[in-house]
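Breakdown of the fold
Here's the letter readout for the chains.
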Amino acid sequence: MIEPHAPAPPGVPPSWTSPARLPVRPGTGRFLVLACVFVCAACGLVYELELVAFASYLMGDSVTQASVVLSVMVFAMGIGSLGAKRLRCHAAAGFVAVEAALALVGGCSAMALYAVFAWTAGWGGAWAAGPRCLLVAFSLAIGLLIGAEVPLLMELIQRIRRQDAGGAVADLFAADYVGALVGGLAFPFLLLPFLGQLTGALLTGTVNVVAGAALVLGLFRRDLGRRARRLLLCAGLVVLGVLACAAALAGDFERAARHAVYGGDVRVAVRTGVQEIVLAGGTRGRPLDLFLDGRLRVGGRDERRYHEALVHPALTGPHARVLILGGGDGLAAREVLRHRDVHRVDLVEPDPGLVELARHDPGLAALNAHAFADRRVHVTTADALAWLRGGRGRAYDVVIADLPDPGITASAKLYSQEFYGLARRALAPHGRLVVHAGPVTTRPRAYWTVAATLRAAGYGVSPYRVAGHDSGFTAGPDRSAGASRAPHDWGFLLAAPGRTPPPLRLGAWRPGTLTQDRLAEAARAADRTRIDGLRASTLVRPRY
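Rules and cut-offs
- Residues numbered from 1 in each chain as written.
- Predicted model: local features only at pLDDT ≥ 70, side-chain atom pairs only at ≥ 80, totals over all residues.
- Heavy atoms only, no water.
- Helix = DSSP H or I, 4+ residues; strand = E, 2+ residues; numbered from the N terminus.
- Buried < 20%, exposed > 50% of the residue type's maximum accessible area, 1.4 Å probe, protein only.
- Contact = heavy atoms within 4.5 Å.
- Areas by Shrake-Rupley, 256 points an atom, 1.4 Å probe, with all protein chains shown as cover.
- Core = buried A, V, L, I, M, F, W, Y, C linked by side-chain atoms within 4.5 Å.
- Disulfide = S-S within 2.5 Å.
- Axes fitted to C-alpha atoms, helices over the stretch in contact; angles between N-to-C directions.
- Parallel < 35°, antiparallel > 145°, perpendicular 65-115°, else oblique.
- Left-handed = near helix turned anticlockwise from the far one by under 90°.
- Nonpolar A, V, L, I, M, F, W, Y, C, P; charged D, E, K, R; others polar.
- Pairing = 2+ DSSP bridges.
- Salt bridge = Lys/Arg side-chain N within 4 Å of Asp/Glu carboxyl O.

Structural notes on the overall build of the protein chain
Secondary structure summary: the protein chain contains 14 helices and 13 strands in total. The 544 residues of the protein chain split such that 50% are buried. Restricting to contacts in the protein chain with at least 6 residues of sequence separation, those with at least 24 account for 76%. In the structure as shown, the protein chain presents an accessible area of about 24,300 Å², 61% of it carried by carbon and sulfur atoms.

Structure, rendered in structure tokens:
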């Protein structure tokens, strides 16, 4: 007598792998399964990129955040593939359940991360790492569910028509990789600019659950009992309802979260083709704060201190022709135009949307003293590195690099040896280059790396730094990195072609803001610091 649960003889497939009863021809069925693989792969990559973008936007240090998200997700995908082996006997039902869970978790991940960061990032204490822990949790959950898709889809495709394992894997992976390509391109070029991060993630979740449910309930419905079909249909409808409600509330939610992050004075929040721009305050006597991709770029209390320190030490020599790289807010140009003997200012800014705001927004235009209305200012919309490569052949007396901090991955090329070599080609023999190189106190390694890069590009370098207000700033996503608790300063590097460091002279500009005592105190404070064996005494004490 044969045992009822005896294993099948060798070579005999399990009963659940018998050919499926399909409402269409097998060839059409395989095409539909591969189309679902394509859609699921595209959605999965969108979830990955969404987490990377949100983590970089909210927490900074995009290299670290991308490494954490991608490594955790790849690890989780392997665990998910192993776990899916237990669902092979119920491949159709398991696949719908996985897609519903993935759509819910992936679609709501951006909104959940934004909510936790906006309303709890300032708690500190044991919850200081809360947003990062949530990021890892979402990466792990999404990776587990994405990893479970492939074994289940492989089982479904084999149910239609038995095929050698190599051929089935090749077909499935081809559809998977092409779908990943489409998802990877759709995220930056379609979803992000036209829908935004929150709505884009919710739409991706909707597509995900519809594709999974339609495949199983339409093609493999005979594998499911009536009760299972009803349960899966109800689960899919519940997920769609949650995503639809979240999409309907996304606008109000984003406004509330933005006010929680940036404060209650937010006047402008726009996403250009380059970045998200947020303006807070700037009217009725309130200080203006400018945020670019979540990072405080202009702080109302400190902006004059920063821009005077950036511009005026470089303009103590000849300065008839000035090139500003970046500076689309017009504030560096304002300081340059205070010198009446400046004949021409060329400003190269990659984001025309920022320049338009600087021209027309009442708060920002008043702050930059309507610099773009001056006939001496000529604006070019271009990437600074590409513009320098064009070799315009103009010899500038001063080049001002008013760029984002060097710790941001997107701006790394603007702190490279090639960039400084091209800038040197644009300088006159007596010209000077000034670079904002980030805070010395909180990121000394980045600061001195920029100094070493300038020397490698053939410049003599005079480092200096200027302190901001002791309270720092409390608004904006940078607070998660502890910026509000860290000493607030700006590090600059004044450079000139050749081996001789250019002299640091203040001149007659704004003595109440940038004084000899402040610079000397900064030099003495830096002299007490050792950084990677390089003494900060290379900070040249200003000569007046």
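Some remarks on the nonpolar core
Judged by nonpolar contacts, the single largest core of 70 residues is most densely connected at Val33, Leu51, Phe95, Tyr114, Leu215 and Phe220. Secondary structure elements with two or more residues in this core: helix H1 (26-59), helix H2 (62-83), helix H3 (91-120), helix H4 (130-160), helix H5 (165-219), helix H6 (226-262) and strand S2 (276-280). In terms of residues, this core owes the most to one element, H3, which gives 14 residues. Each residue touching Phe220, except ones within four places of it in the same chain, is listed here: Ala20, Leu22, Val33, Ala92, Leu156, Arg159, Ile160 and Leu215. Within the second largest apolar cluster, 40 residues are counted, among which are Ile277, Ala358, Ile400 and Tyr464.

Comments concerning the state of the cysteines
In this structure the tally under the stated criterion is 0 disulfides. The closest cysteine sulfur to the non-disulfide-bonded Cys40 is located on Cys36, 3.9 Å from its own sulfur.

Points about the packing of H4 against H5
Running from N to C, H4 and H5 cross one another at 135°; their axes reach a closest spacing of 3 Å. As judged from the angle between their axes, H4 and H5 are oblique. Crossing angle aside, the handedness with which H4 passes H5 is right-handed. Here Glu149, Val150, Leu153, Met154, Leu156, Gln158 and Ile160 of H4 lie close against H5, whose contacting residues are Ala168, Val169, Leu172, Phe173, Asn208, Leu215 and Leu219. Residues belonging to the contact of H4 with H5 are distributed by class as follows: 11 nonpolar, 2 polar and 1 charged.

A few points about the sheet that holds strand S11 (residues 489-497)
Strand pairing in a sheet relies on backbone hydrogen bonds, with the paired strands running either antiparallel or parallel. Overall, mixed pairing links the 7 strands, which are arranged S7-S6-S5-S8-S9-S11-S10 in an open sheet. Of all strands in the sheet, those bounded by a partner on one side alone are strand S7 (377-381) and strand S10 (459-467). Across this sheet, the average inter-strand angle for adjacent strands is 15°, counted without regard to direction. Note that S10 and S11 share 9 bridges and pair antiparallel. Across the sheet, the residue bridging to Arg465 is Gly491, located in S11. Running over the sheet, helix H13 (residues 444-456) touches strand S9 (427-436), S10 and S11 and is turned about 155° from S10.

Topic: the pattern of salt bridges
Throughout the structure, instances matching the rule amount to 18 salt bridges. In this structure, Arg334 engages Glu303 in a salt bridge whose closest nitrogen and oxygen atoms are separated by 2.9 Å. Separated by 31 residues along the polypeptide, Arg334 in helix H8 (residues 331-337) and Glu303 in helix H7 (residues 303-311) bring together distant segments of the chain. Take Arg334: its relative accessible area is 4%, and that puts it in the buried class. Note that Arg344 and Asp346 form a salt bridge whose closest N and O atoms lie 3.0 Å from each other. Salt bridges here are not isolated pairs; linked through shared partners, they connect Glu303, Arg304, Arg334, Glu335 and Arg338.

Quick look at the environment of Ala214
Within the element layout of this structure, Ala214 appears in helix H5. A residue is classified by how much of its surface remains accessible, and Ala214, at 49% relative accessible area, is partly exposed. For the pair Ala214 and Cys36, spaced 178 residues apart in the sequence, the C-alpha separation amounts to 9.2 Å.

Some remarks on the environment of Val270
For Val270, the position within the fold is in strand S1 (residues 266-271). Each C-alpha atom, one on Val270 and one on Leu354, is 9.7 Å from the other, the two residues being 84 residues apart in sequence. Once residues lying within four places of it in the same chain are set aside, the contact partners of Val270 are Gln275, Glu276, Ile277 and Leu357.

Focus on the pairing of strand S8 (residues 396-402)
In terms of burial, S8 is largely enclosed, as 7 of its 7 residues are buried. In the sheet, strand S5 (residues 321-326) pairs with S8 via 5 bridges, with the strands oriented parallel. From the neighbouring strand, Leu323 faces S8, where its bridge partner is Val399. Here S8 pairs with S9 via 5 bridges, running parallel. Its bridge partner being in S9, Val399 is matched across the sheet by Leu433.

Looking at the sheet that holds strand S4 (residues 295-298)
Spatially, the 4 strands line up as an open sheet ordered S1-S2-S3-S4, and their pairing is antiparallel. Edge positions in the open sheet fall to S1 and S4, since each of these has one partner strand only. Within the sheet, the average angular offset between the axes of one strand and its neighbour, ignoring direction, is 25°. For S2 and strand S3 (residues 289-292), the ladder comprises 4 bridges, and the chain directions are antiparallel. Looking at S3, one finds that Leu279 is bridged to Leu290.

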